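# Fold and contact review
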Amino acid sequence: MARSFAETFQKYAENDKVPVSSLKELIRSLFSDPSEESVNKVCECVTLSKNGHLSSDDFKLIWENFIQVLIKPVSAFVIVDVQNDFISGSLALSSCPAKEDGAEVVPVINKLLDDVVFDYVFYTYDWHPHNHISFHSNLKTYKDTLLRPTPDQWESVCMFDRVQFDGRPPLEQTMWPDHCIQGSEGSKLHKDLKVIEGGLEVYKGFNPCIDSYSAFWDNGEVTSTGLLDELKSRNVTDVYVCGLATDICVNFTATHACKHNFRVVLVEDACRGVDLSAISETKQKLNDLGAIIRTSDTIAPLVKGEEFPMELGLVAAENFRRKFANMST
Ligand code: VGL
Ligand code: ZN
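Our subject in this report is the structure included herewith. Predicted, not measured: the structure shown is a model, and the values here were computed from it.

Time to look at the pattern of salt bridges. Going through the model one piece at a time under the given rule, you end up with 18 salt bridges. Among the salt bridges present, the one from R28 reaches E36, with a minimum N-O distance of 2.8 Å. Here K41 ties to E318 by a salt bridge, and the two come within 3.2 Å at their closest N and O atoms. With K41 in helix α3 (residues 36-47) and E318 in helix α12 (residues 310-324), the pair connects residues that are 277 residues apart, well separated along the chain. According to the relative accessible area criterion, K41 is partly exposed, its value standing at 39%. Overlapping salt bridges bring together K41, E318 and R321 as one network.

Written out as structure tokens, the structure reads:
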């Protein structure tokens, strides 16, 4: 496909205007295996439901705010919680129901860091104070804020049980073993994980009173970690998510990335999780939110803007519509 505005405009314009039917043809040619329904959807979004012909200015807007996103995406690789405690420590995934080995993500992530030029790389840390509310060992301290079970029943709560704490908002909380205590050996990244120069760090779960599975927001969606601002200020369009655990922190992080309208790719072989059915539910839900699930050997052409999956095209098109919706009236 032509990679400049002038060339593309010339190719599709008739008398200095691009017929919407030709734009549709362009859209159809961009994507691999597009359904007519998605082509129409993309077309409606970027033409703001205009019919007939697009002026050079109309087409330039589409070029700069839609086609450019596809061919020059700005990527962030978000490596979630590849910390010792989830691999060999107190919350090792190998002792969780799915019996997965968290260490297996390390060579996969390292190879991606070697082979693929992401614009930005983020390393997230689960980063709890010793008095964190998610630790079963601290339940006595927080028992008076229990809603379910009642405070007098706190001693019957077992490790991995789900309880509910009062708060704004009231929140469900799984009781975990002590893990990822700030500065401890268990909180360190796996020793073989490649830490690249210029990599950015994100800390979460540092407030003793609220857990934070997502690298964007705490579980009450009240306090931000700063990741969203870091991505926005760098004009990131595409977020690649991997790490531990697929069905918990990777799940919440990727979900928030979708909800903040990033184009999201879950790198599935660079993730390991807690529970097999929760892992497959996570993938289904992310797919429903417009994310794509890919293996690490298929990432490079996406990052380079050489392959355009329709699902990500639809997200870019919706973002276009949101940005310029007021211009159609
Ligand atoms: C996580 C449980 C508790 C995770 C963090 O990183 O997936 N899981 N805290
Ligand atoms: Zn945690």
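There's more to say after this.
A separate point is the coordination of the zinc ion (ligand 2). On the protein side, the zinc ion (ligand 2) has D126 (OD), H128 (NE2) and H179 (NE2) as donor atoms, found 2.0 to 2.2 Å from it. Every donor counted, the four donor atoms about the zinc ion (ligand 2) form angles of 88 to 171° at the centre, which fits irregular coordination. One chain supplies every donor to the zinc ion (ligand 2), and in sequence these donors are spaced D-x1-H-x50-H. In this pair, D126 is assigned in strand β4 (residues 120-126) and H179 in the loop between β7 (171-174) and β8 (200-204), connecting sequence segments 53 residues apart. Summarising the burial analysis for this pair, D126 and H179 share the class buried.

Taken as a whole and judged by the stated rule, the model has 13 aromatic pairs. A ring pair is formed by F320 and F324, whose centres lie 4.8 Å apart and whose planes are at 50°; its orientation type is tilted. Of this pair, F320 and F324 are both found in helix α12, four residues apart, which corresponds to roughly one turn of the helix. Judged by its relative accessible area of 2%, F320 falls in the buried class.

Cut-offs used in this document
Residues numbered from 1 in each chain as written. Chains lettered and ligands numbered in written order. Predicted model: local features only at pLDDT ≥ 70, side-chain atom pairs only at ≥ 80, totals over all residues. Heavy atoms only, no water. Salt bridge = Lys/Arg side-chain N within 4 Å of Asp/Glu carboxyl O. Helix = DSSP H or I, 4+ residues; strand = E, 2+ residues; numbered from the N terminus. Buried < 20%, exposed > 50% of the residue type's maximum accessible area, 1.4 Å probe, protein only. Donors = N, O, S within 2.8 Å, 3.2 Å for Na, K, Ca; no water. Tetrahedral: all angles 85-135°; square planar, octahedral: opposite > 155°, others 65-115°. Phe/Tyr/Trp six-rings, centres within 6.5 Å; stacked < 30°, edge-to-face > 60°.

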